[in-house]
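These are the residues of each chain, in order.
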Amino acid sequence: MSQQLIEGKDFYYDDKGYMVFTEAYHLQKGYCCGYGCRHCLYDYESVPEPKKSQLLQEKQSTPDKA
């Protein structure tokens, strides 16, 4: 992706000051980068074990914010 990122659309800063990529960003990117991103749409397919299983378990136990 060679375009400039837009805060609020492509990313936001969490309460600890970390830059968090949004679902929209990941959808546009089109693949899992393997870093264990919070809003990964690809079930962490490129994240190595055991981190992948841990992230999937956390994702299932966290209720969706509607």
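Everything discussed here concerns the structure shown above.
I will try to describe carefully the structure that is included in this document. (Residues numbered from 1 in each chain as written. Predicted model: local features only at pLDDT ≥ 70, side-chain atom pairs only at ≥ 80, totals over all residues. Heavy atoms only, no water.)

1. A look at unusual backbone geometry
So, step 1. In this model, Glu-49 is joined to Pro-50 through a cis peptide bond whose omega is 5°.
So, step 2. Positionally, Pro-50 belongs in the loop between α1 (23-29) and α2 (51-61).
So, step 3. At Tyr-44, a position not held by glycine, the phi torsion is positive, near 55°.
So, step 4. With respect to the element layout, Tyr-44 can be found in the loop between α1 and α2.
So, step 5. Overall, Tyr-44 belongs to the buried group, its relative accessible area being 3%. (Helix = DSSP H or I, 4+ residues; strand = E, 2+ residues; numbered from the N terminus. Buried < 20%, exposed > 50% of the residue type's maximum accessible area, 1.4 Å probe, protein only.)

2. Some thoughts on a nonpolar patch on the surface
So, step 1. Residues Leu-5, Tyr-13 and Met-19 make up a contiguous nonpolar surface patch of about 270 Å² in total accessible area.
So, step 2. Structurally, Tyr-13 can be placed in strand β1 (residues 11-13). (Patch = residues over 30% accessible without salt bridge, like charges linked within 9 Å, V, L, I, M, F, W, Y side chains within 5 Å. Areas by Shrake-Rupley, 256 points an atom, 1.4 Å probe, with all protein chains shown as cover. Salt bridge = Lys/Arg side-chain N within 4 Å of Asp/Glu carboxyl O.)

3. Some details on the pattern of salt bridges
So, step 1. What the rule picks out here adds up to one salt bridge.
So, step 2. Notably, a salt bridge pairs Arg-38 with Asp-14, separated by 2.9 Å at the nearest N-O pair. You can see Arg-38 sitting in the loop between α1 and α2 and its partner Asp-14 sitting in the loop between β1 and β2 (19-21), a full 24 residues away along the chain.
So, step 3. Overall, the relative accessible area of 47% leaves Arg-38 in the partly exposed class.

4. Let's talk about the nonpolar core
So, step 1. Grouped together as the largest cluster of nonpolar side chains are six residues: Cys-32, Cys-40, Tyr-42, Tyr-44, Val-47 and Leu-55.
So, step 2. Not counting residues within four places of it along the chain, the set of residues in contact with Leu-55 comprises Gly-36, Tyr-44 and Val-47. (Core = buried A, V, L, I, M, F, W, Y, C linked by side-chain atoms within 4.5 Å. Contact = heavy atoms within 4.5 Å.)

5. Some words on the side chain of Asp-10
So, step 1. Note that Asp-10 resides in the segment before β1.
So, step 2. Among buried charged residues, Asp-10 stands out as having no salt bridge; its nearest opposite-charge side chain is Lys-9, 4.5 Å away.
So, step 3. Not counting residues within four places of it along the chain, the set of residues in contact with Asp-10 comprises Gln-4, Leu-5, Val-20, Phe-21, Thr-22, Tyr-25 and Gln-28. (Lys, Arg positive; Asp, Glu negative; His and termini not counted.)

6. As for the packing of aromatic side chains
So, step 1. Counting across every chain of the model gives two aromatic pairs.
So, step 2. Look at Phe-11 and Tyr-13: their rings are 5.6 Å apart centre to centre, the planes differ by 85°, and that puts the pair in the edge-to-face class.
So, step 3. Looking at Phe-11, the relative accessible area reads 8%, which means it is buried.
So, step 4. For Tyr-13, a relative accessible area of 45% puts it in the partly exposed group.
So, step 5. A centroid spacing of 4.2 Å and a plane angle of 20° characterise the contact between Phe-21 and Tyr-25, whose relative ring orientation is stacked.
So, step 6. In this structure, Lys-29 packs its charged tip against the face of Tyr-31, placed 5.2 Å from the ring centre. (Phe/Tyr/Trp six-rings, centres within 6.5 Å; stacked < 30°, edge-to-face > 60°. Lys NZ or Arg CZ within 6 Å of the ring centre and 35° of its normal.)

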